[in-house]
Amino acid sequence: MKMKTIARLIPLVAAGLASGQAAAAGFQLLEQNASGIGNSYAGSAAVAENASTIFFNPAGMTQLKDREISVGMSAVRPTFKFSDRGSSSLGAFASAGEGNDAGSWAFIPNAYMSWALTKNLYAGLGIGAPFGQVTEYNDPWVGAAQAIKFDIKTMNLNPSLAYRINDKISVGGGLNYQKMKVEYIRRAAVGPVTPLNVAGTSATLSADNDAWGWNVGALFTLSPTTKVGVSYRSSIKHDLKGDLSFSGPAAGRIPTLTTGAAAADVELPETFILSVAQTLNDKWEMLGDVSWTGWSSIPTVDIMRVGATTPAQTLDTKFRDTWRFALGANYRLTEQVKLKFGVAYDQTPVQSDQHRLVSLPDSNRTWLSTGAQIKVAKDSLVDLGAAYLRVGESHIDNDQSGALGRGRVTGVYDARVWILGAQYSMAF
């Protein structure tokens, strides 16, 4: 009966996935479980406390019971409030406002199942959304020719296997089938002097793709109180295909404002995690995490009309590779309640004010988090977590004027992020 109930839950979770608001730097979503929020995801590849280890380190399945499920939901609320500091946009956008708050609430569900095939061989399936971002400004605003809305969605299916070599070493790996969708809306601009800039015409790119990747991990039990986990997730290249469409009074009046097929290539970054979990005594456990993300796989994004030899638009990201450092602690309050604490520093892939996009006004961020794990039955746990992300002041000076006709956006973003989450885990 339990397995039938779980089987019904999986398509519901999958249907709700793919939309998310990035809380990690760039547009990466760390919220692949809610149980890690309380520790700022410190120890993510070493703890293996529920079936969500399938994402962070599949080798951790060997630490679980014969059959386990884990389902969760994270609610993310970023704030991106822009203050103009001398932008020089064209036409109707020159004094059109600051766009209000480009952030909004987003909900990120997840689901995992693991089961023992033999004493040492485990199989599992994870469903999550590892990348996502939505920024949406009030229209019109001073940067509308650069972006009004930018929406990235993913959905990832991760079948996995894990094998216990001996009592000290386990290894695991999996395949990743990933769907990606992108919607990008901005006001059309075709040059610095054309009256079409004020014609209220919008350009919309809608594109999607399916692609495959892989992940591996290993878990080392150095002593009864010390575990070390390492994991790697491959990059995934998406050849996005769809349409570049136009709406409004100027649509179709010149060739550059004519609807047609379009494409864009994006290689989502590879990641590496090194984690440690150290039990100090019967009350305290310490956790640590160092992770690397290869964001330099996205130096630019060229939006191409099908058949064209030059891009219709280039997003000049110039992303750099980034590091993330996290420390966490768990305190056993009672047999039923464990308290969680965490801090982390998360580096942005954005290199400079000139390459900060209005669609991704990202900056370095510091995590402060807490949570609790509650044993609600013999084999059932509920995790609750909350995190506040202090985002450094994000200055922008993105100049797309001249021949591009999209103006120069100069100013500063007041940004922060709140994350709330809950996870239910059960063994049977």
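Residues numbered from 1 in each chain as written. Predicted model: local features only at pLDDT ≥ 70, side-chain atom pairs only at ≥ 80, totals over all residues. Heavy atoms only, no water.

Novice: Is there a simple way to explain the overall build of the protein in this structure?
Specialist: Helix and strand content of the protein: two helices and 20 strands. Relative to the globule expectation of 22 Å for 428 residues, the C-alpha radius of gyration of the protein, 23 Å, shows essentially globular dimensions. Overall size of the protein, expressed as C-alpha extent along the three principal axes, is 70 × 40 × 35 Å. Considering the protein as a whole, with its 428 residues, one finds that 54% of them fall into the buried category. Within the protein, contacts between residues separated by at least 24 positions form 71% of all contacts whose residues are at least 6 apart in sequence. For the protein, the accessible area works out to roughly 17,300 Å², and carbon and sulfur atoms hold 59% of it. Charge-centre separation for the protein: the mean point of 38 positive side chains lies 6 Å from the mean point of 35 negative side chains. (Helix = DSSP H or I, 4+ residues; strand = E, 2+ residues; numbered from the N terminus. Rg over C-alpha atoms; globule rule 2.2 N^0.38 Å. Buried < 20%, exposed > 50% of the residue type's maximum accessible area, 1.4 Å probe, protein only. Contact = heavy atoms within 4.5 Å. Areas by Shrake-Rupley, 256 points an atom, 1.4 Å probe, with all protein chains shown as cover. Lys, Arg positive; Asp, Glu negative; His and termini not counted. Charge placed at Lys NZ, Arg CZ, Asp CG, Glu CD.)

Novice: Hey, could you run me through the confidence of the model for the protein in this one?
Specialist: Reading predicted coordinates in detail is not appropriate for stretches of low pLDDT. In the predicted model, the protein carries a mean pLDDT of 90, and the fraction of residues at 70 or more is 90%. This stretch, residues 193–198, has a pLDDT under 50; its non-local contacts, to residues over four places away or in other chains, come to 16 contacts. (pLDDT = per-residue confidence, 0-100.)

Novice: Would you explain the side chain of Arg 186 in this entry?
Specialist: Turning to its location among the elements, Arg 186 is positioned in strand β6 (residues 169–187). Of the side chains with opposite charge, Asp 139 lies nearest to the buried Arg 186, which makes no salt bridge, at 11 Å. For Arg 186, the side chain forms a polar contact with the side chain of Gln 313, separated by 2.8 Å. The residues contacting Arg 186, other than those within four sequence positions of it, are Ala 144, Ala 145, Gln 146, Ala 147, Ile 148, Thr 201, Ser 202, Ala 203, Gln 313 and Arg 406. (Salt bridge = Lys/Arg side-chain N within 4 Å of Asp/Glu carboxyl O. Polar contact = N/O pair within 3.5 Å; in protein donor to acceptor, adjacent residues only side chain to side chain.)

Novice: Would you explain the pattern of salt bridges in this entry?
Specialist: For side chains bearing opposite charge, pairing can occur when the charged atoms are close. If you walk through the whole model with that rule in mind, you get 15 salt bridges. Measuring nitrogen to oxygen at the nearest pair gives 3.9 Å for the salt bridge that ties Lys 338 to Glu 49. With Lys 338 in strand β16 (residues 337–346) and Glu 49 in the loop between α1 (2–16) and α2 (53–56), the pair connects residues that are 289 residues apart, well separated along the chain. Among the residues examined, Glu 49 registers a relative accessible area of 25% and is labelled partly exposed. Note that Arg 187 and Asp 139 form a salt bridge whose closest N and O atoms lie 2.6 Å from each other. Here Asp 139 lies in the loop between β4 (133–136) and β5 (149–164) and Arg 187 lies in strand β6, a separation of 48 residues in the sequence. Judged by its relative accessible area of 15%, Arg 187 is buried.

Novice: Help me understand the nonpolar core, please; the structure alone is not making it clear to me.
Specialist: Buried together is how nonpolar side chains tend to be arranged in soluble globular proteins. With 75 residues, the main nonpolar core has Phe 27, Trp 141, Val 358, Trp 367, Tyr 413 and Ile 419 as its most contacted residues. It is strand β20 (residues 408–427) that contributes the most residues to this core, five residues altogether. (Core = buried A, V, L, I, M, F, W, Y, C linked by side-chain atoms within 4.5 Å.)

Novice: Where do I start with the packing of aromatic side chains in this structure?
Specialist: For any pair of aromatic rings, geometry is given as the distance between the ring centres together with the angle between the planes. On inspection of all chains with the given rule, the structure shows 17 aromatic pairs. Relative to Phe 56, the ring of Phe 55 has its centre 5.1 Å away and its plane inclined at 80 degrees; by these criteria the two rings are edge-to-face. Taken individually, Phe 55 and Phe 56 each receive the classification buried, so the pair is uniform in this respect. An aromatic cluster is built from Phe 27, Phe 131, Trp 295 and Phe 319, whose rings are joined through pairwise contacts. (Phe/Tyr/Trp six-rings, centres within 6.5 Å; stacked < 30°, edge-to-face > 60°.)

Novice: Can you help me understand the environment of Gly 174 in this one?
Specialist: Tracing the chain through its elements places Gly 174 in strand β6. Setting aside its immediate chain neighbours within four residues, Gly 174 contacts Asn 158, Pro 159, Ser 160, Gly 213, Trp 214 and Asn 215.

Novice: Just checking my understanding: could you explain a nonpolar patch on the surface for this structure?
Specialist: A grouping of Met 73, Trp 105, Phe 107 and Leu 420 is seen on the molecular surface, where their side chains present a nonpolar patch of about 410 Å² in accessible area. A relative accessible area of 45% places Trp 105 in the partly exposed class. (Patch = residues over 30% accessible without salt bridge, like charges linked within 9 Å, V, L, I, M, F, W, Y side chains within 5 Å.)

Novice: Hey, could you run me through the side chain of Asp 151 in this one?
Specialist: Tracing the backbone shows Asp 151 in strand β5. For Asp 151, a relative accessible area of 7% gives the class buried. If sequence neighbours within four positions are ignored, Asp 151 has contacts with Gln 133, Val 134, Lys 181, Val 182 and Glu 183.

Novice: Explain unusual backbone geometry here, please?
Specialist: For residues besides glycine, phi is generally negative; the peptide bonds are generally trans as well. The omega torsion of the bond from Asp 139 to Pro 140 falls at 10 degrees, within 30 degrees of zero and hence cis. Mapped onto the elements, Pro 140 comes out in the loop between β4 and β5. Of note in the backbone geometry, Tyr 41 takes a positive phi value of approximately 65 degrees without being a glycine. Mapped onto the elements, Tyr 41 comes out in the loop between α1 and α2.

Novice: Would you explain the pairing of strand β7 (residues 202–223) in this entry?
Specialist: Successive residues of a regular strand alternate their side chains across the two faces of the sheet. Here β6 runs beside β7; their pairing, made up of 19 bridges, is antiparallel. Bridging from a neighbouring strand, Ile 185 pairs with Thr 204 of β7. In terms of strand pairing, β7 meets strand β9 (residues 236–247) through seven bridges, oriented antiparallel. If you follow Ala 207 over to β9, its bridge partner there is Gly 242. Across eight bridges, β7 lies against strand β8 (residues 226–233) in antiparallel orientation. Bridged to Leu 219 within β8 is Gly 229. (Pairing = 2+ DSSP bridges.)

Novice: Quick question: what am I supposed to make of the environment of Arg 320 here?
Specialist: Following the sequence through the fold, Arg 320 ends up in the loop between β14 (313–315) and β15 (322–332). Judged by relative accessible area, which is 27%, Arg 320 ranks as partly exposed. Here the alpha-carbon distance between Arg 320 and Pro 349, two residues 29 residues apart in the chain, equals 4.8 Å. From its side chain, Arg 320 meets the backbone oxygen of Thr 348 in a polar contact 3.0 Å long.

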